[in-house]
Amino acid sequence: MIISDIVEILKADVICGHEYLNREVKNVVASDLMSDVLTINSDQLLLLTGLSNIQTIRTAEMSDIQCVVLVRNKKASPEIIDLAEENGIVLIECEHSTYKSCGLLFQEGLKSIY
Amino acid sequence: MKKLFFEYSVEAGNFTKAGDASSNFKKVLKQLNVDPQVIKRIVVALYEGEVNIVAHSVGGNIFCNIDPKSVNLILKDDGPGIPDINKAMQVGFSTASAKVREMGFGAGMGLVNMKNNVDFLKIESEMGKGTKVELTVNL
Ligand SMILES: Nc1ncnc2c1ncn2[C@@H]1O[C@H](COP(=O)(O)OP(=O)(O)OP(=O)(O)O)[C@@H](O)[C@H]1O
Ligand SMILES: [Mg+2]
């Protein structure tokens, strides 16, 4: 699945990284705890989170996560968008709850990391 | 690859800047064409350590040494120190403040995650003086 498929499934808005929407996504992690995300070793990983701050993007940067979906209608601040852009991270905003977003993606065949 | 040295200062409590050092050092490693898997291990450990300085200390410095065979990082802060290092190394032990938890940290997983990502880790701490975390990742 590529990122643009995810945008469609979640009826979400792409905030930045429009040029990278054909990136492949294999696995998904849903967490608001960056401590947890930092322990994951998986590539082509998508992060689904309700935590919208600078450290969300820093965590993605360090973990080589190339796409971050902000769920529960959380908004990205200009600082967050700048940092995501600088690091080539696709940032997406979506109105669904974490549970619903996960359910929709799981149904379409995206796998959990464990 | 010749020997290279980088130094960063880390401000206590500043969660806007937390990760700046790790981000900068990651760009350096990328330019040196280090294997991406190895870069990830180094910068995850470094970032854990950087966030710990921001979250738990009065501030400190990070010293990064690159040589042809390894990357060696020293993270030093000026206090307050860790009273019981064995306890701090246990998964789930955390003294993180509400502010730190709000930022998505404070699960008591960082030091263990550091250990899992590196080839060598040594933590020394003296109450009232500070903490020194040294780690090495072989290239
Ligand atoms: N540089 C430091 N100075 C003082 N205390 C520290 C320092 N680093 C870690 N500690 C202590 O060790 C505990 C465990 O650290 P660890 O990094 O494992 O977890 P955490 O920072 O609390 O949460 P997480 O890293 O999962 O977000 C901290 O809660 C803190 O009490
Ligand atoms: Mg920590």
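Keep in mind it's a predicted model, so treat the numbers as computed, not measured.

Enquirer: Can you help me understand empty space enclosed by the protein in this one?
Expert: Empty space among the atoms becomes visible once a probe the size of a water molecule is rolled across them. Residues and elements named next belong to chain A. Taken as a whole, this structure holds one cavity of 30 Å³ or more when the rule is applied. Here the largest cavity defines a volume of roughly 50 Å³. What lines the largest cavity is simply Ile3, Arg23, Glu24, Val25, Gln44, Leu45, Gln66 and Cys67. Across the lining of the largest cavity, the residue classes break down as four nonpolar, two polar and two charged.

Enquirer: Just to check I follow, could you spell out the layout of surface pockets for this structure?
Expert: By volume, the largest pocket is sized at about 660 Å³. Around the largest pocket sit 33 residues that line it, and Asn52(B), His56(B), Ile82(B), Thr95(B) and Leu111(B) are the ones nearest its centre. Broken down by secondary-structure element, the contributors of at least two residues to the lining of the largest pocket are helix H2 (36-56), strand E3 (70-77), helix H3 (85-88), helix H5 (110-117) and strand E5 (130-138) of chain B. The computed volume of the second largest pocket comes to approximately 360 Å³. Lining the second largest pocket we find 19 residues, and of these Glu61(A), Asp64(A), Asn87(A), Lys26(B) and Lys30(B) sit closest to its centre. Elements that contribute at least two residues to the lining of the second largest pocket include exactly helix H3 (54-62) of chain A together with helix H1 (20-31) and H2 of chain B. Here the lining of the second largest pocket gets four residues from one element, more than from any other, and that element is H1(B). For the lining of the second largest pocket, the class distribution of residues is six nonpolar, five polar and eight charged.

Enquirer: Even after reading the chapter, I still don't get the interface of chain A and chain B, so can you show me in this structure?
Expert: Across the contact, 22 residues belong to chain A and 24 residues belong to chain B. With both sides pooled, the region where chain A packs onto chain B buries about 1900 Å², and carbon together with sulfur makes up 51% of that total. In terms of surface lost to chain B, no three residues of chain A exceed Leu38(A), Gln55(A) and Met62(A), which account for 36% of the buried area on that side. On inspection of chain A and its partner chain B, the count reaches three salt bridges. The closest approach of N and O atoms between Glu86(A) and Lys27(B), which form a salt bridge, is 3.5 Å. Of all the secondary-structure elements, those providing two or more residues to the side of chain A that touches chain B are helix H2 (34-37) and H3 of chain A.

Enquirer: What's the story with the confidence of the model for chain B in this structure? I'm lost.
Expert: When pLDDT drops low, the exact placement of atoms in the prediction is not to be read closely. Residue-level pLDDT values for chain B average 97, and 99% of them are 70 or greater. Across the interface, the model reports ipTM at 0.96; the global pTM reads 0.98.

Enquirer: Can you walk me through the site of ligand 1 in this structure?
Expert: Lining the immediate environment of ligand 1, one finds 20 residues, of which His56(B), Ser94(B), Thr95(B), Gly106(B) and Met109(B) sit closest. At the site occupied by ligand 1, the surrounding residues belong to chains A and B. Taking Thr95(B), its side chain carries an N or O atom lying 2.5 Å from an oxygen atom of ligand 1. In this structure, an oxygen atom belonging to ligand 1 sits 2.8 Å away from a main-chain N or O atom of Met109(B). Relative to its unbound accessible surface of 590 Å², ligand 1 loses 95% to contact with the protein. Cavity membership is defined here by more than half of the atoms lying within 2 Å of grid points; on that basis ligand 1 lies in the largest pocket. Counting only elements with at least two residues in the shell around ligand 1, the list comes to H2 and H5 of chain B. Per-element accounting of the shell around ligand 1 gives the leading share, three residues, to H2(B). Grouping the constituent residues of the shell around ligand 1 by class yields eight nonpolar, ten polar and two charged.

Conventions used here
- Counting restarts for each chain: residues are numbered from 1 in the order of the written sequence.
- Written order decides the labels, with chains lettered from A and ligands numbered from 1.
- The predicted origin of the model limits local features to residues at a pLDDT of at least 70 and limits the giving and counting of side-chain atom pairs to 80 or more, whereas totals for whole chains, interfaces and linings rest on all residues.
- Note that water and hydrogens are dropped before the side-chain values are worked out from all heavy atoms of the structure.
- Grid points spaced at 1 Å over the protein atoms alone were grouped into cavities, where a 1.4 Å probe fits but cannot get out, and pockets, open sets with protein on both sides within 12 Å along at least five of seven lines, with lining residues defined by an atom within 4 Å of a point.
- Grid points are joined across faces, edges and corners, and a volume is the space filled by probe spheres set on the points.
- Any residue that is not Ala, Val, Leu, Ile, Met, Phe, Trp, Tyr, Cys, Pro, Asp, Glu, Lys or Arg is counted as polar, Gly included; the first ten are nonpolar and the last four charged.
- Every helix listed is a DSSP run of H or I at least four residues long, and every strand listed is a run of E at least two residues long, numbered separately from the N terminus.
- Pairs of residues are marked as contacts when any of their non-hydrogen atoms sit within 4.5 Å.
- By convention, the term buried area covers the 1.4 Å-probe accessible surface removed from two parts as they join, with the contributions of both added.
- Each reported salt bridge corresponds to a side-chain nitrogen of Lys or Arg within 4 Å of a carboxyl oxygen of Asp or Glu.
- A residue's pLDDT is simply how confident the predictor is in it, with values from 0 to 100.
- The near set for a molecule or strand comprises every residue that places at least one heavy atom within 4 Å of it.
- For this analysis, a polar contact is any N or O atom pair within 3.5 Å, provided that within protein one partner can donate a hydrogen and the other can accept it, and provided that sequence-adjacent residues contribute only side-chain to side-chain pairs.
- A 1.4 Å probe and the Shrake-Rupley method give the accessible areas. Residues count as covered only by the protein chains that appear here.
- Being in a pocket or cavity means that more than half of the molecule's atoms lie within 2 Å of its grid points.

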